[in-house]
Amino acid sequence: MKLQNGVTVVFQPEGRKAVVNRGISLLEAARKAGVTITTRCGGKAGCLMCKVKIANEEANAVRPPGDIERRKLGTALEEGMRLACQAAVWSDVTVQVPEDPLKAAVRRKLEAARRGEEDELW
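This one's a predicted model, so the numbers in the text were calculated from it and none came from an experiment. (Residues numbered from 1 in each chain as written. Predicted model: local features only at pLDDT ≥ 70, side-chain atom pairs only at ≥ 80, totals over all residues. Heavy atoms only, no water.)

Caption draft 1: Spotlight on the sheet that holds strand 5 (residues 93–96). On the basis of which strands lie adjacent, the open sheet formed by 5 strands has the order 2-1-5-3-4 and mixed pairing. Whereas interior strands pair on both sides, the edge strands pair on one side only; in this sheet they are strand 2 (16–21) and strand 4 (81–83). Strand-to-strand twist across the sheet, computed as the mean angle between neighbouring axes with direction ignored, equals 35 degrees. Here 3 bridges tie strand 3 (residues 51–54) to strand 4, and the two strands are oriented antiparallel to one another. If you follow Val52 over to strand 4, its bridge partner there is Arg82. Contacting strand 1 (6–12), strand 2, strand 3 and strand 5, helix 1 (residues 26–33) runs over the sheet at an angle of about 125 degrees to strand 2. (Pairing = 2+ DSSP bridges. Helix = DSSP H or I, 4+ residues; strand = E, 2+ residues; numbered from the N terminus. Axes fitted to C-alpha atoms, helices over the stretch in contact; angles between N-to-C directions. Contact = heavy atoms within 4.5 Å.)

Caption draft 2: Expanded view of the confidence of the model for the chain. With 91% of its residues at a pLDDT of 70 or more, the chain has an overall mean of 89. Mean pLDDT values over the elements of the chain span from 79, in helix 3 (residues 101–115), up to 98, in strand 5. (pLDDT = per-residue confidence, 0-100.)

Here it is as C-alpha cells:
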C-alpha cells in the first residue's frame, strides 16, 4: 500500500528505505526502515546522539533547523549535520548515518588484527 503523500527516505550506508508520511522525523523514519539511530533523550534534542548527515543538495528535503537544533549543532549544520529527532521529512531524501563510535573502534581493531598490525587504540 503506497502512502498518499508518502516520501521515500534512504538510509546509507545500509541502503535501507522507508516510505513515510511527510512531516515525520528522520528518527521515526529510521525506526520504520529498521535502522538503528541511537538516542538517550527520547527525541527531544537533548543528547545529540542522533546526528545524521544530509547532502547539501538535499537540504531542502527536510524542515529547516529550528533554534534548538541551531544552538546544539552550530557550524556542523553547514556540513550537512542534522539531528534525526528534529529534522522532519518534506520530500524524498538520502540520509548518511554515521557509524557508531564503539562499533567503529571494534571494526578497526578487528581489521588490524586480520592484517597482523597493532592498533594504537588499545
